[in-house]
Every structure is written in structure tokens, then in C-alpha cells.
2 protein chains.
Amino acid sequence: MTHREAIGVDVGGTTIKFGIVRDDGTVRGHHALPTEAERGPEGVLDRIARGIGTLLETPHHSISGIGLGVPGVINNSGEVCYPPNFPGWEVVPVADRLGAILGTELPIAVENDANAAAFAEAHAGSGHGAGSFLYITLGTGVGGCIIHGGRIWRGEAGGAGEVGHISVDMNGHPCNCGSRGCVEAYIGQRYMTAIAAERLRTNAGSRLHLMMAHGAALSPELIDRAADAGDAFARRFLEEMGEILGAALASALNMLDFHLVIAGGGMARSAWLLDAAHCSMRSRVLRSIGNRAELRTARFGNDAGIIGAGLMTLIEF
Amino acid sequence: MTHREAIGVDVGGTTIKFGIVRDDGTVRGHHALPTEAERGPEGVLDRIARGIGTLLETPHHSISGIGLGVPGVINNSGEVCYPPNFPGWEVVPVADRLGAILGTELPIAVENDANAAAFAEAHAGSGHGAGSFLYITLGTGVGGCIIHGGRIWRGEAGGAGEVGHISVDMNGHPCNCGSRGCVEAYIGQRYMTAIAAERLRTNAGSRLHLMMAHGAALSPELIDRAADAGDAFARRFLEEMGEILGAALASALNMLDFHLVIAGGGMARSAWLLDAAHCSMRSRVLRSIGNRAELRTARFGNDAGIIGAGLMTLIEF
């Protein structure tokens, strides 16, 4: 059986990752270039073109398209709008510009990076066969994407799925977005670290103090390692964070009448966080959804963006 | 100009309302029958058929279909599932059964009652031309419906749009659904009345005490009348409730990337509640939506269900 192939590109704030993606979700020809975002859109587009050029020169059966996952909102014309941490970018028609630089006739698809990762889960990952689910990323921020009938559901202007800014406590922690109690203001990497640091002041017995004394920086991942190693503070803390996440997910599922959530990003590997979130979500969601509600870990890790970007050009949807 | 017409039926827990609906959203031939839900599905279906029969016997140009708005979730096969306060109903194929009783060839459409009202707003009311918006009903409960591209967006199993069960405080008021802090647990008629009654114990100066001493029953509408008459307690109370509603709406808009909310139901007429909700919603929603976020009052009042039900059979969507 021969597989169809496409080039997938994951454009991150520090690194651009490239690979040749097959329609079964496997990747070959991985490579990466530094983004050097400070060089502005022209510089970044040149790098993307160079990385794609390298793959086009390697032996391949037949590349049928190029897909890119990029931060920021993609508007209804396919333009990338104000990607965070990309100085000088406003509204950039990435597909047109890349096509011109590469001089290629291949179709070029551009999608928000979280949406691309969700698309990978929908068609070759943990959401395969599910049709509809809510995808969330647990990383620096808490992002999301609504997949409905195998397609990305974009809302009115392309930005749907902002699970991170569901508030679980309207008078709670201030969030960078200007609101209060957003789930991102607890579970987002920086916020979670800050809340844990504050709590550790009055939890002198936690193993985390020792780990930090040995040079480890406090982070959600470090807290997860401490929980794995038996630290009671770390376990309680992640359970509390999971309960918050589950409350936000219950609100989201009630709105969408979905029963499946797929979690990607670094902290989706934390069983302490995810088990508590699953439990909290199921106990809070409407009974009509309740017994079917499920929170799954994403199949793809660091490659999710490359895979989803490539698959977008391979799969009819 | 001649208008196309359809029969619209709004099946409520105590009354079934009937009318002939034109494609511009006007209604003629209004009449109503008591539901007598205690007689079970057969009794209710007979009443619906009798009410429709009366309209079919009145002079009309050309009735092109029959639409019904019914409580409960309508599944993907068009069956009515477990409508609350309808004893003996489980999963009832209302359209098929009515067609058989009436012996008619007219198309019969069945939709959830809140969805039917939202459809009326989309095609002949406050959402006309908007394409996508979130519809909410402020009544006994807090219901909702997602309209996307002029169509009802049903989610996975037909129950999408449950705005009432977005939690604004995960540790807040217990809600009848089993969760905590749902917006319905504050703004729903019974809940709002109970919270106000509790607060009035320590607000002896409120005009509401006098109104109740004269025989008026405490209700959201009474509180609104007191606010209109200058009562400071009532104003503060409705502003607080509006702030809660706005917080839930901000979470919903962030998820959907919508900018418009249309509010129907009795309390949507309260400017005290709605102005505060509008303000709270705008201050909490993501900046990418913020300056466009809008909360409008529905055009249709008690007739919304009849109109939406009728329009469903008149409008291609």
C-alpha cells in the first residue's frame, strides 16, 4: 500500500519544525530551524521556504501539498493575524507569500497551530472516529479547538475554542486577558508556577524545596515529578488544578453538547492533573452528557503540529 | 405581495399556543388550548392535532407546513426526548404521530422550544442579518441556542447551547443540575427569587417589603418593577445578577468566537439586568471580540415559539 505525503510545518516562536507527513500520521525527514522571529515576517518566511526547500530536494514519492501551523488567529481569507511573539506581523497572507517565494504550484494550507494539532488528533490520533470533540492544549497558555464532524469549527471570525478563557470564578485570579478566574489564570504554565511558589512558602515539608535546592526550576512539570515521587503537597496541588480544569471543561461541554475532550501539550502527560480533571468534569457536566463524558490524552506530542499541518492538505473535509 | 404561510405551534407545560405564521414573522389566528400534560403523550398529541385542525379549517391562502416547538432535546432522528414536566413521555416521534392523526401530507417540523424562538430571531427578529449569535432565554430556567450561519447549531446530540449551565463560580450556589455556580442557579426564576428573599431579611428599607405586604408575590418581575420605581436594593440586586449573567456570556462568546447575544424571555425586558450584563460581558470578553460584543433584547415575546416553529417550515436553511 502506498501512502500519500505532504509537507507539514510547525511555526513556533523559537523553532520552526518540518517533516514529511503520511496520511496515516507518521512523519519522516524531521528537521528544524531557529525562527529568529525578531527578523520580522520576511525573515521568517524565508526560513520557512528554506526548510520546505530542503524537504522538496530529499527523495520522496509524491508531495501533494504543504501545510503550516502558525500561532494567532487565521481569518476567513486565510491570512495570519497578529501572531503573539512575532514582532512586525500584523495581517500576513502567508500562503500567497510562500507560494511566490517557493515558485511552487503545490496547494499551501495555513491553520492556527492548536487547530492543526487538533486536526491531527481528529484524523490520525485519539479523536479518530469520534467525529466531534473539544481539543485543549495545556502549555504556556490553555488553548483549544472545536472539532465538529471531523472539521475545525471556526466560529464567526476564526477564533473559536478559547477554552482557556472560560472563567471558573468570576471574582477569582486576575488573568492577563483582563478578566478574572479564567482557567488559564490557574493552569497556564506561568500562573500555575506562581500559585505553587506562593503555596510552597507555607509547605516547608514538600520535596519540591529539595528539588529546587538542587537547582531544578519550579514548573508544572517539576510539580508533576514531585507528585510521581510521592510528594503530598504536589499531589494535592495538581488535584486542585485538575478540579479547576474539569469545571471549565464541564461548562464547555454543556455549551457544545459534546462528550469528548482530548488534551495535548506538556501537562496532558500528568496523570495527577488529568485524572482529577476527568473526575471533576464528569461530576459537573449535565446528566444528559455525564455518563459519556470522557477526557483523553492526545496521541501526538511534539509532532502534533507538523502532522496536523500536513494532514490538512491530504484529507478531504 | 403575497406571503407564504405555515402553522406554528408552541407546546408549553400548561398551554399549547397555535397561530398561522407568515414568512415576515407576523401571526394571525392565534388561539390556545390547555396542555393537560397529565393525560400523557396520546392526550397531548390529540390536543395538538385538534388545535391545528381548527386553523386548517379557517380561511387561508396556502399553508405550506406545520412547525412545533416542544420542550426537551430533539434527537438526530427528530424525536422528542424526555420533555421536562410531561409525564409519560420518553422518546416520542411527534412528527410521525401527528401526521398519522391529522392524515395530512404537509411537512411537519419539530424543534426544541428555545431553538424555535432563536430561529424566529434569526430570520425575522433581532438577529436578522447577523448570521451567527447566541440566543438565551431568561425565564424559569436559563436556556439557550447557538445560531451559526442562520442555522441552529445542534452539537453532537441536539442539546447544544446550554448557557444556563456555564458555571461562574465552581464553588458557588448549588444548582439543580448537580453542579455549582451555574448561571441558572442565580438568574433562574426560582433561584433569583430565593436569593432576593434571603437578602431582603437584612434590607428592611426596600420598597419590596411594602409591595409584598400589599399582596404581590416576590419574583424577578416584581424586583424589576421596584427597581423602576427607584428602589436602591432592587437596582443593586439586578445589577449584581446582570454582572453574573455577563460573566457567563463572556465565557460563552470566547468559546464560540461570536460577538452577538440575543436575550428573550420575561426578564430580557429588564433594563437593569440587561445593561449590567452587557457591561460585565464586554469588560470580560477577549479583546479580539470585545469592542464588537453586543447584547440585544429579542424582538418577539410570547409569540416567539409560534413564529419560530412556523418559520422553520417556510425558510430554506
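See above for the structure.
Quantities reported herein were computed from a predicted structural model and do not represent experimental measurements.

The rules behind these values
- Residues numbered from 1 in each chain as written.
- Chains lettered and ligands numbered in written order.
- Predicted model: local features only at pLDDT ≥ 70, side-chain atom pairs only at ≥ 80, totals over all residues.
- Heavy atoms only, no water.
- Helix = DSSP H or I, 4+ residues; strand = E, 2+ residues; numbered from the N terminus.
- Rg over C-alpha atoms; globule rule 2.2 N^0.38 Å.
- Buried < 20%, exposed > 50% of the residue type's maximum accessible area, 1.4 Å probe, protein only.
- Contact = heavy atoms within 4.5 Å.
- Areas by Shrake-Rupley, 256 points an atom, 1.4 Å probe, with all protein chains shown as cover.
- Least-squares fit on C-alpha atoms with pLDDT ≥ 70 in both.
- Pairing = 2+ DSSP bridges.
- Buried area = accessible area lost by both parts, 1.4 Å probe.
- Salt bridge = Lys/Arg side-chain N within 4 Å of Asp/Glu carboxyl O.
- Polar contact = N/O pair within 3.5 Å; in protein donor to acceptor, adjacent residues only side chain to side chain.
- Axes fitted to C-alpha atoms, helices over the stretch in contact; angles between N-to-C directions.
- Parallel < 35°, antiparallel > 145°, perpendicular 65-115°, else oblique.
- Left-handed = near helix turned anticlockwise from the far one by under 90°.
- Nonpolar A, V, L, I, M, F, W, Y, C, P; charged D, E, K, R; others polar.
- Expected span 1.5 Å × (residues − 1).

Secondary structure summary: chain A contains eleven helices and 13 strands in total. In terms of overall size, chain A behaves like a compact globule, its C-alpha atoms giving a radius of gyration of 20 Å where 317 residues would be expected to give roughly 20 Å. For chain A, the C-alpha atoms occupy an extent of roughly 60 × 50 × 40 Å along the three principal directions. For chain A, with 317 residues in total, the buried portion stands at 58%. In chain A, once contacts between residues fewer than 6 apart in sequence are set aside, the share between residues at least 24 apart is 61%. For chain A, the computed accessible surface area is about 12,700 Å², with 49% contributed by carbon and sulfur atoms.

Let us look at the relation of the copies chain A and chain B. Mapping chain A onto chain B calls for a screw motion: a turn of 180° about the axis and a shift of 0.0 Å along it, with 0.0 Å RMSD after fitting. Accordingly, the operation relating the two chain copies is best matched by a two-fold axis. Among all C-alpha atoms of chain A, that of A:D169 lies closest to the rotation axis, at 2.1 Å. Comparing contact sets, 100% of the residues at the interface of chain A also lie at the interface in chain B, consistent with an isologous, same-surface contact.

Turning to the sheet that holds strand β6 (residues 80-81) of chain B, a few remarks are in order. Residues and elements named next belong to chain B. If you trace the three strands from one edge of the open sheet to the other, you get β5-β6-β7, paired in antiparallel fashion. The open sheet has two edge strands with one neighbour each: β5 (73-74) and β7 (91-92). Where β6 meets β7, two bridges bridge the pair, whose relative direction is antiparallel. Along β7, the bridge assignment pairs C81 with V91.

Quick look at the sheet that holds strand β6 (residues 80-81) of chain A now. Pairing within the open sheet is antiparallel, and its three strands lie in the order β5-β6-β7 (chain A). In the strand order of this sheet, the two ends are held by β5 (73-74) and β7 (91-92) of chain A, each with one partner.

Attention now goes to the interface of chain A and chain B. Contacts between chain A and chain B engage 41 residues on the former and 41 residues on the latter. The largest per-residue losses of area from chain A upon contact with chain B belong to A:E156, A:M170 and A:M255, which jointly make up 24% of the total buried on that side. Across the chain A-chain B interface, the total number found is zero salt bridges. Seen at the junction of chain A and chain B, the total is 20 residue pairs in polar contact (both at pLDDT 80 or more). Counting residues per element, the ones that place at least two in the side of chain A that touches chain B are β10 (142-148), α8 (232-256) and α9 (271-284) of chain A.

Okay, the packing of helix α8 (residues 232-256) of chain B against helix α9 (residues 271-284) of chain B next. All names here are of chain B. Interhelical geometry of α8 versus α9 gives an angle of 40° and a closest axis separation of 6 Å. When the interaxial angle is binned, α8 and α9 end up oblique. For the crossing formed where α8 meets α9, the hand is right-handed. The residue inventory of the contact of α8 with α9, partitioned by class, reads twelve nonpolar, four polar and four charged.

Residue and element names in this part refer to chain B. With seven of its seven residues buried, strand β1 (residues 5-11) lies for the most part within the structure. Neither face of β1 is left uncovered, since the one carrying E5, I7, V9 and V11 and the one carrying A6, G8 and D10 both have all their residues buried. Where β1 and strand β2 (residues 15-22) come together, seven bridges link them in antiparallel fashion. Bridge assignment links A6 to a residue of β2, and that residue is V21. By the bridge criterion, five bridges tie β1 to strand β4 (residues 63-70) in an arrangement that is parallel. When the sheet's bridge partners are listed, E5 is paired in β4 with I63.

Bringing helix α3 (residues 113-124) of chain B into the picture now. Spanning twelve residues, α3(B) covers 16 Å between terminal C-alpha atoms, matching the ideal 16 Å at 1.5 Å per step. At the N-terminal boundary of α3(B), the capping side chain belongs to B:N112, with an oxygen 2.9 Å from the backbone nitrogen of B:A114.

The values reported here are purely geometric and, on their own, carry no functional implication.
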